[in-house]
Amino acid sequence: MTSDNITVIMKPTNQCNLRCKYCYHADNGYDKEKMTDQVLEKAIAVTAPFFKRVEYNWHGGEPLIMGLDFYERVLYYQKKYRQGPEHHIINTMQTNGTLITDDWIKLFSEYFVSIGISVDGADYESNKARFSDEKIYKKMISNLDLVLNSNLYTSIFITLGRHNIDKIDEIFKFIEEKKPNGFYINPIKKKIGNELSVNEWLEIIEKMDEFSKRTGIENSLTPQIQRAINGEIPSLCMLNGACNKFINMNVDGEIFKTCVFQSQSNYLGNIDEDNIK
């Protein structure tokens, strides 16, 4: 182990059972390719042994499409490449929540430290950019409650734009009623005529800060803003200007130095290349 820590955002598939209108895959496509067992083992082999603490954040597409057996192999390879009791390997998951079952909850509770579920508000109307059918929305809410009733650290991720900003008070009420451990409100960045103005976003940030202080429900943004104001280096790369603690790996084993969008400007190479370490 040569370095302190890193977060590896793993995208084992671009497949998704939803078609969110603002998703970056709406431009890039939803191919049916899945990460092979060979790529999976190599991905863990070239990352886990070289850091004292490695967080694998499973993303997508929709990562649960890979199935339980895939994540059982993940855990097998992580155990294989663990360097000893002081070597910390953790798993987190970001999901749309529609495919969660009791079996997934059992796996998460035993081997994952946190799970994030994406939802855009307290009613179907606020979620029409995500769900084409109200039944799917209701299923996701039922699954969200299932996760919240477990012992998992659970966060709610909300994408905010023109489609739901008029219901921001209801969104905060929804978060308070659900009582997750944390929440994050993310403004739409894709230019589809749905994004917020700068002033609107600044107002939302203030509301997030006031809400967290009042309810004790954490948000991951405003404490980092305060760190920057205090002259400290925030951990969020959107605030410190560098993704130096993140890499992003896709289904083919291509690695990018970013926590968000993959592009040629941040391409590092493929895990099959001998010099990728």
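It should be emphasised that the depicted structure is a prediction, and the values quoted were computed from it without experimental measurement. (Residues numbered from 1 in each chain as written. Predicted model: local features only at pLDDT ≥ 70, side-chain atom pairs only at ≥ 80, totals over all residues. Heavy atoms only, no water.)

1. A word on the packing of aromatic side chains
- Within this structure, the stated rule accounts for 15 aromatic pairs.
- On the numbers, 5.0 Å between centres and 90° between planes, the contact of Phe70 with Tyr71 is edge-to-face. For the pair Phe70 and Tyr71, one class covers both residues: buried.
- Measuring from ring centre to ring centre gives 6.3 Å for Tyr124 and Tyr137, while their planes differ by 50°; the resulting arrangement is tilted. Of the two residues, Tyr124 sits in the loop between β4 (114-118) and α5 (134-148) while Tyr137 sits in helix α5, which places them 13 residues apart along the sequence. Residue Tyr124 shares its accessibility class with Tyr137, and that shared class is buried.
- An aromatic cluster is present here, built from Tyr56, Trp58, Phe70, Tyr71, Trp104, Phe108 and Phe112 joined pairwise through their rings. (Phe/Tyr/Trp six-rings, centres within 6.5 Å; stacked < 30°, edge-to-face > 60°. Buried < 20%, exposed > 50% of the residue type's maximum accessible area, 1.4 Å probe, protein only. Helix = DSSP H or I, 4+ residues; strand = E, 2+ residues; numbered from the N terminus.)

2. A short note on the pairing of strand β3 (residues 88-95)
- Of all the 8 residues making up β3, 7 are buried; the element is thus mostly covered by neighbouring parts of the structure.
- Of the strand pairs in this sheet, strand β2 (residues 51-58) and β3 are connected by 6 bridges, and their pairing is parallel. If you follow Glu55 over to β3, its bridge partner there is Ile90.
- Since β2 and β3 lie parallel, the crossover through helix α3 (residues 68-81) that links them has a hand, and here it is right-handed.
- With 4 bridges joining them, β3 and β4 adopt parallel strand pairing. From the neighbouring strand, Thr95 faces β4, where its bridge partner is Ile117.
- Tracing the backbone out of β3, into helix α4 (residues 102-111) and back to the parallel element β4 gives a crossover that is right-handed. (Pairing = 2+ DSSP bridges. Right-handed = clockwise from strand over helix to strand, strands pointing away.)

3. Considering the packing of helix α6 (residues 168-178) against helix α7 (residues 198-215)
- Contact geometry for α6 and α7: axes closest at 12 Å, N-to-C directions at 25°. In this view, α6 runs roughly parallel relative to α7, as classed from their interaxial angle. When the axes of α6 and α7 are compared, the crossing they make is right-handed. Residue-level inspection shows Ile168, Asp169, Phe172, Ile175 and Glu176 of α6 in contact with α7, the latter providing Ile204, Lys207, Met208, Phe211, Arg214 and Thr215.
- A class-by-class count of the residues in the contact of α6 with α7 yields 6 nonpolar, 1 polar and 4 charged. (Axes fitted to C-alpha atoms, helices over the stretch in contact; angles between N-to-C directions. Parallel < 35°, antiparallel > 145°, perpendicular 65-115°, else oblique. Left-handed = near helix turned anticlockwise from the far one by under 90°. Contact = heavy atoms within 4.5 Å. Nonpolar A, V, L, I, M, F, W, Y, C, P; charged D, E, K, R; others polar.)

4. Some thoughts on the environment of Leu99
- As for its position among the elements, Leu99 is in the loop between β3 and α4.
- Residue class for Leu99 comes out partly exposed when judged on its relative accessible area of 30%.
- For the pair Leu99 and Met140, spaced 41 residues apart in sequence, the C-alpha separation works out to 7.9 Å.
- Residues in contact with Leu99, not counting those within four places in the same chain, are Asn17, Glu62, Leu64, Ile65, Trp104 and Asn143.

5. As for α6
- Turning to α6, its buried residues number three or more, namely Ile168, Ile171, Phe172, Phe174 and Ile175. Buried residues along α6 cover an arc of 155° about the axis, so they all sit on one side. When the buried face of α6 is taken as reference, the exposed residues oriented beyond 90 degrees from it are Asp169, Lys173 and Glu177.
- Buried residues belonging to α6 abut α5, β5 (153-160), β6 (182-187) and α7. (Arc of directions from axis to C-beta.)

6. Things to note about the pattern of salt bridges
- Applying the stated criterion to the full structure yields 12 salt bridges.
- Salt-bridge contacts for Glu41 lead to Lys80; the nearest nitrogen and oxygen are separated by 2.6 Å. Placement of the pair is Glu41 in helix α2 (residues 37-45) and Lys80 in helix α3, with a sequence separation of 39 residues.
- Of the charged contacts in the structure, one is a salt bridge between Asp209 and Lys213, with a shortest N-O distance of 3.1 Å. Here Asp209 pairs with Lys213, and both are found in helix α7, just 4 residues apart, close to one helical turn.
- Take Asp209: its relative accessible area is 25%, and that puts it in the partly exposed class.
- One continuous salt-bridge network, built from bridges that share partners, spans Asp37, Asp69 and Arg73. (Salt bridge = Lys/Arg side-chain N within 4 Å of Asp/Glu carboxyl O.)

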